Amino acid sequence: MSQNLNLAKRLARPELLTLEPYQSARRIGGEGQIWINANESPFNNSELAGLNRYPECQPPTLIKAYADYAGVTIDQVITSRGADEAIELLIRTFCIPGVDSISCFGPTYGMYAISAQTFNVGVNALRLTSDYQLPPDIKSQVGDSKLVFICNPNNPTGTVIETDVIEQVIEQLPDRLVVVDEAYIEFCPGYSVANLIERYDNLVVLRTLSKAFALAGARCGFMLANQAIIDMVMRVIAPYPVPLPVSELASQALSSSGIATMKQQVGQLKQNGLRLTEALMRMGAEVLPAHGNFILASFNDVATVQAGLKKSGVVARAYKDPVLASSIRFSFASDEQTDALIELLIDIKSQ
(Lines give C-alpha, C1' and ligand atoms only; values in the text may rest on other atoms or scores of the structure.)
Protein backbone atom coordinates (compact mmCIF):
# COMPACT_ATOMS: atom_id res chain seq x y z
CA MET A 1 0.00 0.00 0.00
CA SER A 2 2.82 2.42 0.89
CA GLN A 3 4.11 2.15 -2.68
CA ASN A 4 0.93 3.87 -3.85
CA LEU A 5 1.53 6.88 -1.59
CA ASN A 6 3.43 9.96 -2.70
CA LEU A 7 6.84 10.66 -1.16
CA ALA A 8 5.49 13.13 1.38
CA LYS A 9 3.01 10.60 2.75
CA ARG A 10 5.62 7.81 2.77
CA LEU A 11 8.00 9.93 4.82
CA ALA A 12 5.44 11.51 7.13
CA ARG A 13 4.78 10.23 10.62
CA PRO A 14 2.13 7.54 9.99
CA GLU A 15 -0.37 8.92 12.50
CA LEU A 16 -0.56 12.14 10.48
CA LEU A 17 -2.04 10.34 7.49
CA THR A 18 -5.35 9.95 9.33
CA LEU A 19 -5.12 13.11 11.45
CA GLU A 20 -7.87 15.65 10.87
CA PRO A 21 -6.30 19.11 11.31
CA TYR A 22 -7.82 21.45 13.86
CA GLN A 23 -10.69 23.28 12.24
CA SER A 24 -10.22 26.86 13.38
CA ALA A 25 -12.91 29.44 12.79
CA ARG A 26 -10.96 30.85 9.86
CA ARG A 27 -10.41 27.47 8.24
CA ILE A 28 -14.14 26.69 8.47
CA GLY A 29 -14.96 30.13 7.10
CA GLY A 30 -18.45 31.34 6.33
CA GLU A 31 -20.39 34.34 5.03
CA GLY A 32 -22.36 36.89 6.97
CA GLN A 33 -22.42 40.25 8.72
CA ILE A 34 -22.42 39.09 12.35
CA TRP A 35 -19.42 36.92 13.25
CA ILE A 36 -19.81 35.08 16.56
CA ASN A 37 -18.09 31.78 15.78
CA ALA A 38 -14.62 32.32 17.30
CA ASN A 39 -15.18 33.84 20.76
CA GLU A 40 -13.47 37.05 19.64
CA SER A 41 -14.09 40.47 21.10
CA PRO A 42 -16.38 42.72 19.04
CA PHE A 43 -14.25 45.75 20.04
CA ASN A 44 -11.32 46.82 17.91
CA ASN A 45 -9.17 49.04 20.12
CA SER A 46 -6.55 49.53 17.44
CA GLU A 47 -6.20 51.67 14.34
CA LEU A 48 -5.46 48.47 12.43
CA ALA A 49 -8.70 47.15 10.98
CA GLY A 50 -9.57 43.61 11.95
CA LEU A 51 -7.07 43.28 14.79
CA ASN A 52 -9.80 42.03 17.13
CA ARG A 53 -10.39 39.07 14.79
CA TYR A 54 -8.24 35.99 14.31
CA PRO A 55 -6.15 36.19 11.14
CA GLU A 56 -6.17 33.74 8.26
CA CYS A 57 -3.93 30.72 8.85
CA GLN A 58 -2.23 31.39 5.52
CA PRO A 59 -3.09 34.95 4.45
CA PRO A 60 -3.93 34.74 0.72
CA THR A 61 -2.47 38.16 -0.13
CA LEU A 62 0.84 37.32 1.54
CA ILE A 63 1.01 33.83 0.02
CA LYS A 64 0.42 35.19 -3.48
CA ALA A 65 2.92 37.99 -2.98
CA TYR A 66 5.67 35.59 -1.95
CA ALA A 67 4.78 33.02 -4.61
CA ASP A 68 5.09 35.72 -7.26
CA TYR A 69 8.38 36.92 -5.79
CA ALA A 70 9.88 33.41 -5.53
CA GLY A 71 8.59 32.21 -8.91
CA VAL A 72 6.45 29.37 -7.55
CA THR A 73 2.71 28.71 -7.33
CA ILE A 74 0.52 29.59 -4.35
CA ASP A 75 0.05 25.90 -3.47
CA GLN A 76 3.85 25.56 -3.10
CA VAL A 77 4.16 28.11 -0.25
CA ILE A 78 3.65 28.09 3.51
CA THR A 79 4.32 31.16 5.62
CA SER A 80 5.49 30.71 9.20
CA ARG A 81 6.97 32.55 12.19
CA GLY A 82 10.36 32.90 10.62
CA ALA A 83 12.23 30.09 8.89
CA ASP A 84 12.90 28.69 12.38
CA GLU A 85 9.30 27.59 12.70
CA ALA A 86 9.48 26.03 9.24
CA ILE A 87 12.44 23.92 10.44
CA GLU A 88 10.39 22.69 13.40
CA LEU A 89 7.34 22.03 11.23
CA LEU A 90 9.36 19.78 8.94
CA ILE A 91 10.80 17.84 11.87
CA ARG A 92 7.39 17.45 13.53
CA THR A 93 5.78 16.34 10.26
CA PHE A 94 8.32 13.83 9.04
CA CYS A 95 10.41 12.58 11.98
CA ILE A 96 9.29 10.02 14.56
CA PRO A 97 10.75 10.95 17.98
CA GLY A 98 13.23 8.39 19.25
CA VAL A 99 13.42 6.72 15.84
CA ASP A 100 14.27 9.11 13.00
CA SER A 101 17.15 11.52 12.46
CA ILE A 102 18.20 14.55 10.46
CA SER A 103 21.56 15.34 8.85
CA CYS A 104 23.29 18.70 8.73
CA PHE A 105 26.78 19.85 7.79
CA GLY A 106 28.85 21.90 10.20
CA PRO A 107 29.89 24.46 10.88
CA THR A 108 26.39 25.73 10.13
CA TYR A 109 23.25 27.24 11.60
CA GLY A 110 22.63 25.65 14.99
CA MET A 111 18.84 25.52 14.97
CA TYR A 112 18.64 22.44 12.72
CA ALA A 113 20.23 20.32 15.43
CA ILE A 114 18.58 22.08 18.37
CA SER A 115 15.11 21.82 16.84
CA ALA A 116 15.63 18.11 16.26
CA GLN A 117 16.95 17.52 19.77
CA THR A 118 13.98 19.27 21.38
CA PHE A 119 11.71 16.72 19.65
CA ASN A 120 13.92 13.74 20.57
CA VAL A 121 14.95 13.33 16.94
CA GLY A 122 18.50 12.18 16.24
CA VAL A 123 21.12 14.47 14.73
CA ASN A 124 23.66 13.14 12.27
CA ALA A 125 26.17 15.99 12.66
CA LEU A 126 28.32 15.78 9.55
CA ARG A 127 31.08 18.14 8.46
CA LEU A 128 31.70 20.30 5.45
CA THR A 129 35.04 19.86 3.71
CA SER A 130 38.02 22.09 4.48
CA ASP A 131 36.79 24.54 1.83
CA TYR A 132 33.23 24.38 3.20
CA GLN A 133 31.72 22.19 0.52
CA LEU A 134 29.53 19.10 0.86
CA PRO A 135 31.42 15.81 1.35
CA PRO A 136 31.77 13.74 -1.85
CA ASP A 137 30.33 10.62 -0.20
CA ILE A 138 27.25 12.42 1.05
CA LYS A 139 24.83 9.58 0.32
CA SER A 140 26.63 7.11 2.57
CA GLN A 141 27.20 9.73 5.27
CA VAL A 142 23.54 10.75 5.38
CA GLY A 143 22.47 7.15 5.89
CA ASP A 144 18.79 6.84 6.78
CA SER A 145 18.25 10.43 7.92
CA LYS A 146 14.85 11.62 6.75
CA LEU A 147 15.74 15.31 6.46
CA VAL A 148 19.01 16.66 5.06
CA PHE A 149 19.61 20.34 5.83
CA ILE A 150 21.90 22.39 3.59
CA CYS A 151 22.42 26.07 4.39
CA ASN A 152 23.21 27.98 1.19
CA PRO A 153 24.73 30.52 1.55
CA ASN A 154 26.05 28.92 4.69
CA ASN A 155 25.84 30.62 8.05
CA PRO A 156 28.35 31.39 9.59
CA THR A 157 30.93 30.93 6.84
CA GLY A 158 29.18 32.87 4.06
CA THR A 159 30.34 30.28 1.54
CA VAL A 160 28.14 28.82 -1.19
CA ILE A 161 27.56 25.48 -2.90
CA GLU A 162 26.93 25.50 -6.61
CA THR A 163 23.36 24.77 -7.68
CA ASP A 164 24.36 21.84 -9.86
CA VAL A 165 26.03 20.21 -6.83
CA ILE A 166 22.86 20.63 -4.78
CA GLU A 167 20.81 19.20 -7.64
CA GLN A 168 23.10 16.16 -7.69
CA VAL A 169 22.45 15.68 -3.97
CA ILE A 170 18.69 15.93 -4.55
CA GLU A 171 18.98 13.23 -7.21
CA GLN A 172 21.20 11.03 -5.02
CA LEU A 173 18.69 11.13 -2.15
CA PRO A 174 15.31 10.51 -3.80
CA ASP A 175 13.80 9.01 -0.63
CA ARG A 176 14.93 11.83 1.66
CA LEU A 177 13.82 15.44 1.92
CA VAL A 178 16.64 17.80 0.99
CA VAL A 179 16.00 21.08 2.80
CA VAL A 180 17.93 24.04 1.39
CA ASP A 181 17.96 27.03 3.73
CA GLU A 182 18.17 30.16 1.57
CA ALA A 183 17.87 32.76 4.32
CA TYR A 184 20.55 34.91 2.67
CA ILE A 185 19.71 34.22 -0.97
CA GLU A 186 18.90 37.85 -1.83
CA PHE A 187 22.63 38.56 -1.51
CA CYS A 188 23.44 35.96 -4.21
CA PRO A 189 20.18 35.09 -6.04
CA GLY A 190 21.95 33.08 -8.70
CA TYR A 191 22.51 30.30 -6.15
CA SER A 192 18.81 29.64 -5.47
CA VAL A 193 17.31 26.23 -6.24
CA ALA A 194 13.69 27.36 -5.85
CA ASN A 195 13.28 26.86 -9.59
CA LEU A 196 13.82 23.11 -9.07
CA ILE A 197 10.77 22.61 -6.83
CA GLU A 198 8.54 21.73 -9.76
CA ARG A 199 11.03 19.08 -10.88
CA TYR A 200 11.84 17.31 -7.60
CA ASP A 201 9.32 16.09 -5.05
CA ASN A 202 12.01 15.76 -2.35
CA LEU A 203 13.16 19.39 -2.36
CA VAL A 204 12.20 21.98 0.27
CA VAL A 205 13.47 25.56 0.23
CA LEU A 206 13.38 27.80 3.31
CA ARG A 207 13.25 31.59 3.04
CA THR A 208 12.90 34.56 5.39
CA LEU A 209 12.18 38.29 5.44
CA SER A 210 14.56 38.74 8.38
CA LYS A 211 17.72 39.50 6.41
CA ALA A 212 17.54 41.41 3.13
CA PHE A 213 13.96 42.59 3.74
CA ALA A 214 14.90 44.09 7.14
CA LEU A 215 11.99 42.50 9.03
CA ALA A 216 13.76 40.38 11.64
CA GLY A 217 11.46 41.70 14.38
CA ALA A 218 8.34 40.69 12.45
CA ARG A 219 9.29 36.98 12.34
CA CYS A 220 8.05 36.02 8.90
CA GLY A 221 9.46 33.10 6.93
CA PHE A 222 8.44 30.78 4.15
CA MET A 223 8.63 27.15 3.13
CA LEU A 224 8.63 26.36 -0.59
CA ALA A 225 7.91 22.79 -1.70
CA ASN A 226 5.62 20.69 -3.86
CA GLN A 227 1.97 20.59 -2.89
CA ALA A 228 2.15 17.12 -1.34
CA ILE A 229 4.73 18.30 1.23
CA ILE A 230 2.78 21.51 1.84
CA ASP A 231 -0.41 19.54 2.48
CA MET A 232 1.29 17.30 5.05
CA VAL A 233 2.87 20.23 6.91
CA MET A 234 -0.48 22.02 7.01
CA ARG A 235 -1.73 19.17 9.21
CA VAL A 236 0.59 20.18 12.06
CA ILE A 237 0.87 23.95 11.68
CA ALA A 238 -0.63 26.19 14.37
CA PRO A 239 -4.11 27.58 13.66
CA TYR A 240 -2.91 31.20 13.38
CA PRO A 241 0.85 31.30 12.78
CA VAL A 242 1.01 34.75 11.17
CA PRO A 243 -0.28 37.76 13.15
CA LEU A 244 -2.25 40.30 11.14
CA PRO A 245 0.30 43.16 11.57
CA VAL A 246 3.07 40.83 10.40
CA SER A 247 1.07 39.78 7.35
CA GLU A 248 0.44 43.39 6.38
CA LEU A 249 4.07 44.44 6.90
CA ALA A 250 5.31 41.44 4.91
CA SER A 251 2.89 42.07 2.05
CA GLN A 252 4.06 45.67 1.84
CA ALA A 253 7.70 44.52 1.79
CA LEU A 254 6.88 42.21 -1.12
CA SER A 255 5.25 44.94 -3.19
CA SER A 256 7.13 46.24 -6.23
CA SER A 257 8.33 49.28 -4.27
CA GLY A 258 9.27 47.09 -1.29
CA ILE A 259 11.32 44.75 -3.46
CA ALA A 260 13.02 47.74 -5.11
CA THR A 261 13.95 49.08 -1.66
CA MET A 262 15.30 45.67 -0.65
CA LYS A 263 17.49 45.45 -3.75
CA GLN A 264 18.85 48.95 -3.21
CA GLN A 265 19.70 48.19 0.41
CA VAL A 266 21.28 44.85 -0.50
CA GLY A 267 23.53 46.68 -2.93
CA GLN A 268 24.48 49.22 -0.27
CA LEU A 269 25.22 46.49 2.29
CA LYS A 270 27.36 44.56 -0.17
CA GLN A 271 29.42 47.68 -0.85
CA ASN A 272 29.94 48.17 2.87
CA GLY A 273 30.86 44.51 3.10
CA LEU A 274 33.57 45.03 0.49
CA ARG A 275 34.93 48.01 2.40
CA LEU A 276 34.99 46.01 5.62
CA THR A 277 36.64 43.05 3.88
CA GLU A 278 39.44 45.29 2.63
CA ALA A 279 39.98 46.72 6.11
CA LEU A 280 40.09 43.26 7.68
CA MET A 281 42.58 42.01 5.09
CA ARG A 282 44.80 45.05 5.65
CA MET A 283 45.07 44.11 9.32
CA GLY A 284 46.14 40.58 8.37
CA ALA A 285 42.85 38.72 8.79
CA GLU A 286 41.92 35.81 6.58
CA VAL A 287 38.49 36.58 5.14
CA LEU A 288 36.16 34.11 3.45
CA PRO A 289 34.27 35.30 0.34
CA ALA A 290 30.98 36.77 1.53
CA HIS A 291 27.72 35.66 -0.10
CA GLY A 292 25.38 36.75 2.70
CA ASN A 293 25.13 39.94 4.75
CA PHE A 294 28.17 39.09 6.86
CA ILE A 295 31.88 38.31 6.77
CA LEU A 296 33.70 35.53 8.60
CA ALA A 297 37.27 36.58 9.40
CA SER A 298 39.97 34.62 11.21
CA PHE A 299 42.81 36.24 13.17
CA ASN A 300 46.19 35.19 14.48
CA ASP A 301 45.35 36.88 17.78
CA VAL A 302 41.58 36.71 17.96
CA ALA A 303 41.49 37.49 21.69
CA THR A 304 43.05 40.91 21.12
CA VAL A 305 40.52 41.73 18.40
CA GLN A 306 37.63 40.55 20.54
CA ALA A 307 38.83 42.65 23.47
CA GLY A 308 39.19 45.73 21.26
CA LEU A 309 35.71 45.31 19.83
CA LYS A 310 34.15 44.79 23.25
CA LYS A 311 35.95 47.81 24.75
CA SER A 312 34.50 50.01 22.00
CA GLY A 313 30.97 48.67 22.36
CA VAL A 314 30.97 46.55 19.21
CA VAL A 315 29.05 43.28 19.55
CA ALA A 316 30.23 40.74 16.97
CA ARG A 317 29.80 36.95 16.90
CA ALA A 318 32.38 34.39 18.06
CA TYR A 319 32.01 30.60 17.96
CA LYS A 320 32.83 27.56 20.05
CA ASP A 321 33.30 25.23 17.06
CA PRO A 322 37.03 24.35 16.99
CA VAL A 323 37.19 25.11 13.28
CA LEU A 324 36.02 28.66 14.00
CA ALA A 325 37.90 29.23 17.28
CA SER A 326 40.01 32.01 15.77
CA SER A 327 37.15 33.57 13.79
CA ILE A 328 34.70 36.43 14.26
CA ARG A 329 31.58 37.03 12.20
CA PHE A 330 30.85 40.65 11.26
CA SER A 331 27.36 41.52 10.02
CA PHE A 332 27.19 44.18 7.31
CA ALA A 333 26.17 47.53 8.76
CA SER A 334 25.14 51.04 7.78
CA ASP A 335 27.55 53.46 6.11
CA GLU A 336 28.22 55.28 9.38
CA GLN A 337 28.67 52.09 11.40
CA THR A 338 31.01 50.69 8.75
CA ASP A 339 33.11 53.86 8.84
CA ALA A 340 33.39 53.59 12.62
CA LEU A 341 34.21 49.90 12.51
CA ILE A 342 36.97 50.41 9.95
CA GLU A 343 38.51 53.15 12.12
CA LEU A 344 38.33 50.83 15.12
CA LEU A 345 40.06 48.00 13.23
CA ILE A 346 42.85 50.41 12.26
CA ASP A 347 43.26 51.32 15.94
CA ILE A 348 43.32 47.67 17.03
CA LYS A 349 45.98 46.87 14.42
CA SER A 350 48.17 49.74 15.61
CA GLN A 351 48.17 48.57 19.23
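Before any of the text, the structure's been laid out above.
Predicted, not measured: the structure shown is a model, and the values here were computed from it. (Residues numbered from 1 in each chain as written. Predicted model: local features only at pLDDT ≥ 70, side-chain atom pairs only at ≥ 80, totals over all residues. Heavy atoms only, no water.)

A. Representation of the overall build of the protein within the structure. When its secondary structure is counted, the protein shows 12 helices and 11 strands. The C-alpha atoms of the protein give a radius of gyration of 22 Å, which matches the 20 Å a tight globule of 351 residues would have. Dimensions of the protein, computed from the C-alpha atoms along their principal axes, are close to 70 × 55 × 30 Å. Taking all 351 residues of the protein together, 51% fall into the buried category. Looking at the protein alone, contacts between residues at least 24 apart form 71% of all its contacts between residues at least 6 apart. Accessible surface, the protein as shown: approximately 17,000 Å² in total, 52% of it carbon and sulfur. Taken together, the 28 basic and 36 acidic charged side chains of the protein have centroids lying 4 Å from each other. (Helix = DSSP H or I, 4+ residues; strand = E, 2+ residues; numbered from the N terminus. Rg over C-alpha atoms; globule rule 2.2 N^0.38 Å. Buried < 20%, exposed > 50% of the residue type's maximum accessible area, 1.4 Å probe, protein only. Contact = heavy atoms within 4.5 Å. Areas by Shrake-Rupley, 256 points an atom, 1.4 Å probe, with all protein chains shown as cover. Lys, Arg positive; Asp, Glu negative; His and termini not counted. Charge placed at Lys NZ, Arg CZ, Asp CG, Glu CD.)

B. Fine view of unusual backbone geometry. In this model, Gly106 is joined to Pro107 through a cis peptide bond whose omega is 0 degrees. Within the secondary structure, Pro107 is located in the loop between β2 (101-106) and α5 (111-118). Note the cis peptide between Asn152 and Pro153, where omega equals 0 degrees. With respect to the helices, strands and loops of the structure, Pro153 is situated in the loop between β4 (147-151) and α7 (163-172).

C. Region of the structure containing the sheet that holds strand β8 (residues 286-287). Taken together, 4 strands build an open sheet; the order of strands is β8-β9-β11-β10 and the sheet is antiparallel. The outermost strands of the open sheet, each flanked by one partner alone, are β8 and β10 (317-318). When β10 meets strand β11 (residues 327-331), the two strands line up antiparallel, connected through 2 bridges. In the strand pairing of β11, Ala318 is matched with Ile328. With respect to the sheet, helix α11 (residues 302-311) is in contact with β10 and β11, its orientation differing from that of β11 by roughly 35 degrees. (Pairing = 2+ DSSP bridges. Axes fitted to C-alpha atoms, helices over the stretch in contact; angles between N-to-C directions.)

D. Main features of the nonpolar core. Counting 52 residues, the largest nonpolar core has Phe105, Leu134, Leu203, Leu209, Phe222, Leu224 and Leu254 as the members making the most contacts within it. With 6 residues, the single largest contributor to this core is helix α3 (residues 60-70). If sequence neighbours within four positions are ignored, Phe105 has contacts with Leu126, Arg127, Leu128, Leu134, Pro135, Ile138, Val142, Val148, Phe149 and Ile150. Formed by 36 residues, the second largest nonpolar core is a distinct cluster that contains Leu7, Leu90, Ile102 and Met234. (Core = buried A, V, L, I, M, F, W, Y, C linked by side-chain atoms within 4.5 Å.)

E. Layout of α11. Taken together, the buried positions of α11 are Val302, Val305, Gly308 and Leu309. Down the axis, α11 shows its buried residues gathered within 130 degrees of arc, on one side only. In α11, the exposed residues that point more than 90 degrees away from the buried face are Lys310 and Lys311. Considering only its buried residues, α11 is in contact with β11 and α12 (335-350). Where α11 terminates, the next one or two residues include Gly313, which has phi positive at roughly 80 degrees. (Arc of directions from axis to C-beta.)

F. Molecular detail of the pattern of salt bridges. For the structure shown, the criterion picks out 11 salt bridges. Close ionic contact of Glu85 with Arg81 constitutes a salt bridge, the shortest N to O distance being 2.6 Å. A residue is classified by how much of its surface remains accessible, and Arg81, at 39% relative accessible area, is partly exposed. Salt-bridge contacts for Glu182 lead to Arg207; the nearest nitrogen and oxygen are separated by 2.9 Å. Of the two residues, Glu182 is situated in the loop between β5 (177-181) and β6 (203-208) and Arg207 in strand β6; the sequence distance between them amounts to 25 residues. One network of salt bridges, in which partners are shared, links Arg26, Glu40 and Arg53. (Salt bridge = Lys/Arg side-chain N within 4 Å of Asp/Glu carboxyl O.)

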